[in-house]
Amino acid sequence: MTQEKNYKVIERAEKAIKKHGTTDNAIKYLKAELESFHSLTNEFSYDCVYHGITCNNLIISYLEKHKQ
């Protein structure tokens, strides 16, 4: 739970739902963004790319677990 708190998972999940309209749309967007982050790891090895991967994985996991 500490990692989720550090990454502000709940707040970011709520923002994603608000921005994309539904939980399913938010998950779909975050998964696409996650794939783009993974493709960047071939070219770059910046901490921010890995932060994005970790953060998106946590948010997707949270949304899928709490899907209504």
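Scoring rules and cut-offs
- Residues numbered from 1 in each chain as written.
- Predicted model: local features only at pLDDT ≥ 70, side-chain atom pairs only at ≥ 80, totals over all residues.
- Heavy atoms only, no water.
- pLDDT = per-residue confidence, 0-100.
- Helix = DSSP H or I, 4+ residues; strand = E, 2+ residues; numbered from the N terminus.
- Expected span 1.5 Å × (residues − 1).
- Buried < 20%, exposed > 50% of the residue type's maximum accessible area, 1.4 Å probe, protein only.
- Contact = heavy atoms within 4.5 Å.
- 1 Å grid on protein atoms, 1.4 Å probe; cavity = no way out; pocket = protein on both sides within 12 Å on 5 of 7 lines; lining within 4 Å.
- Points joined across faces, edges and corners; volume = space filled by probe spheres on them.
- Nonpolar A, V, L, I, M, F, W, Y, C, P; charged D, E, K, R; others polar.
- Polar contact = N/O pair within 3.5 Å; in protein donor to acceptor, adjacent residues only side chain to side chain.

**Concerning the confidence of the model for the protein**
Argument step 1. The predicted model of the protein averages 91 in pLDDT, with 97% of residues at 70 or higher.
Argument step 2. Confidence scores differ between elements of the protein, with helix 1 (residues 2-6) showing the lowest mean pLDDT of 87 and helix 2 (residues 9-20) the highest of 97.

**So, helix 4 (residues 47-65)**
Argument step 1. Here helix 4 contains 19 residues, and its C-alpha end-to-end distance of 27 Å stays within 8% of the 27 Å for a straight helix at 1.5 Å per residue.
Argument step 2. Buried within helix 4 we find Val49, Gly52, Ile53, Cys55, Asn56, Leu58, Ile59, Ile60 and Leu63.
Argument step 3. In this structure, the buried residues of helix 4 make contact with helix 1, helix 2 and helix 3 (23-40).

**Observations concerning the layout of surface pockets**
Argument step 1. Space inside the largest pocket adds up to approximately 260 Å³.
Argument step 2. For the largest pocket, the lining is made up of 14 residues, of which Arg12, Leu30, Glu33, Asn56 and Ile59 are closest to its centre.
Argument step 3. Taken together, the elements giving at least two residues each to the lining of the largest pocket come down to helix 2, helix 3 and helix 4.
Argument step 4. Counted by class, the lining of the largest pocket contains six nonpolar, four polar and four charged residues.

**A few points about the environment of Glu64**
Argument step 1. Mapping Glu64 onto the fold places it in helix 4.
Argument step 2. With relative accessibility at 41%, the residue Glu64 sits in the partly exposed group.
Argument step 3. Residues contacting Glu64, with those up to four places away along its chain left out, are Ile27 and Lys31.
Argument step 4. At a separation of 3.0 Å, a polar atom in the side chain of Glu64 contacts the side chain of Lys31.

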